[in-house]
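What follows is each chain in one-letter form.
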Amino acid sequence: MTTERNHIEVSGISVEIRRKAIKNLHVGVYPPDGQVRVAAPQHLDNEAIRLAIVSRLSWIRRQQQGFACQQRQSRREMVTGESHYVDGKRYRLDVVEQPGNPRVRMVNNATLWLRVLPDSDAEARRGVLERWYRRRLKARLPALVHYWEQEIGVDVADVRIKKMKTKWGSCAIEARRIWLNLELAKKPPRCLEYILVHEMVHLLERHHNDRFRSLMDRYMPDWRLRRDELNQSPLAKEDWDY
């Protein structure tokens, strides 16, 4: 798909426009700093996009304010004493350099024990921890997917995990494939479940419209609370790429 990019400014807000072969305009506000990005049909001119932004200014500013208030984590150096999150709980990292297979273990619900090879650097240590997060997340998904398939009445072909810079999840509707952000392994389980259900509901309704929200209300009445909990949790330090 060919994408054309340019920028405009609306009421002091910088807006990145990406024109694609799509039917409907979509406005998004992305972490960590509330960058505004518009995906627009190729036939829409800048003035039409500007009007769409103006009509959403209140919502955009609320989203940006939320990111501005959100707690940030500094870049993890992967050394003993750091704080790391698992299932929404904070753990103290204890790095032990030993020969043998690298591994991760939770100790006393307070410590994340990380065994690595001697002289391993931060990236190698981070890789060990990320693979552990991935295994935990992957092990949790089959039961969740099965339960919500029955509740929602959809059939998910595949759920995959990857590191994502600007989304918690996505859904390839035609392939019935869902992608989840690896960072969800660090968040409370109810937030993971919310994102999974959100993407599964897209198999019934592609767009974030009234029907989509009505379906979310039906299947997960507290979804807004879960969304707010997720959005208020600490943001990992990333080299964000829009």
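See above for the structure.
Remember, it's a predicted structure, so these values are computed and weren't measured experimentally.

Trainee: I'm lost on the sheet that holds strand 1 (residues 4-10) in this one. Help?
Mentor: In a beta sheet, neighbouring strands are held together by backbone hydrogen bonds and run either parallel or antiparallel to one another. Strands sit in the order 1-2-4-3 across an open sheet of four strands; the sheet is mixed. Edge strands, defined here as strands with exactly one partner in the open sheet, are strand 1 and strand 3 (26-30). Strand-to-strand twist across the sheet, computed as the mean angle between neighbouring axes with direction ignored, equals 25 degrees. Pairing of strand 1 with strand 2 (residues 13-20), which is carried by seven bridges, proceeds in the antiparallel orientation. Within the sheet, the bridge partner assigned to His7 lies in strand 2 and is Glu16.

Trainee: Would you take a moment to explain the pattern of salt bridges for this structure?
Mentor: Summed over the entire model, instances satisfying the criterion amount to 20 salt bridges. The partner of Glu130 in a salt bridge is Lys163, with the nearest N and O atoms 3.1 Å apart. You can see Glu130 sitting in helix 3 (residues 122-152) and its partner Lys163 sitting in the loop between strand 9 (158-162) and strand 10 (169-172), a full 33 residues away along the chain. When the shortest N-O distance is used, the salt bridge between Arg160 and Asp158 registers 2.4 Å. You can call Arg160 partly exposed: its relative accessible area is 35%.

Trainee: Help me understand the environment of His208, please; the structure alone is not making it clear to me.
Mentor: Mapped onto the secondary structure, His208 falls in the loop between helix 4 (189-201) and helix 5 (210-219). Given a relative accessible area of 45%, His208 falls into the partly exposed group. Sequence separation of His208 and His26 is 182 residues, and the distance between their C-alpha atoms is 9.4 Å. With sequence-adjacent residues up to four places away left out, His208 is seen in contact with His26, His198, His202 and Arg213.

Trainee: Before we go on, may I ask you to explain the packing of helix 3 against helix 4 in this structure?
Mentor: When two helices pack together, their arrangement is given by the angle between their axes and by how far apart the axes lie. For the pair helix 3 and helix 4, interaxial distance at closest approach is 10 Å and the crossing angle is 50 degrees. Looking at the two axes, helix 3 sits oblique to helix 4. Here helix 3 and helix 4 pass one another in a crossing that is right-handed. Here Leu137, Arg140, Leu141, Leu144, Val145, Trp148, Glu149 and Ile152 of helix 3 come into contact with helix 4, specifically with Pro189, Leu192, Glu193, Leu196, Val197, Met200 and Val201. Of the residues that constitute the contact of helix 3 with helix 4, the class distribution is 12 nonpolar, no polar and three charged.

Trainee: Can you help me understand the side chain of His202 in this one?
Mentor: With respect to the helices, strands and loops of the structure, His202 is situated in the loop between helix 4 and helix 5. Contacts of His202, omitting those with residues within four sequence positions, involve Cys171, Ile173, His207, His208 and Phe212.

Trainee: Sorry if this is basic, but what is going on with the sheet that holds strand 7 (residues 103-107) here?
Mentor: Ordered in space as 5-6-8-7, the four strands form an open sheet in which the pairing is mixed. Bordering the open sheet on either side are strand 5 (83-86) and strand 7, each of which pairs with just one other strand. Here the strands of the sheet are splayed against their neighbours by 35 degrees on average, with no regard to which way each runs.

Trainee: Can you walk me through helix 6 (residues 223-232) in this structure?
Mentor: Because an α-helix packs 3.6 residues into every turn, residues spaced three or four apart end up facing the same way. All of the buried residues in helix 6 are Trp223, Arg226 and Leu230. Seen along its axis, helix 6 keeps its buried residues to an arc of 60 degrees; they face one direction. Exposed residues pointing more than 90 degrees away from the buried face of helix 6 are listed as Leu225 and Gln232. Where helix 6 is buried, its residues meet helix 4 and helix 5.

Each value, and the rule that gives it
- Residues numbered from 1 in each chain as written.
- Predicted model: local features only at pLDDT ≥ 70, side-chain atom pairs only at ≥ 80, totals over all residues.
- Heavy atoms only, no water.
- Pairing = 2+ DSSP bridges.
- Helix = DSSP H or I, 4+ residues; strand = E, 2+ residues; numbered from the N terminus.
- Axes fitted to C-alpha atoms, helices over the stretch in contact; angles between N-to-C directions.
- Salt bridge = Lys/Arg side-chain N within 4 Å of Asp/Glu carboxyl O.
- Buried < 20%, exposed > 50% of the residue type's maximum accessible area, 1.4 Å probe, protein only.
- Contact = heavy atoms within 4.5 Å.
- Parallel < 35°, antiparallel > 145°, perpendicular 65-115°, else oblique.
- Left-handed = near helix turned anticlockwise from the far one by under 90°.
- Nonpolar A, V, L, I, M, F, W, Y, C, P; charged D, E, K, R; others polar.
- Arc of directions from axis to C-beta.

The quantities given are spatial measurements derived from coordinates; they are silent on function.
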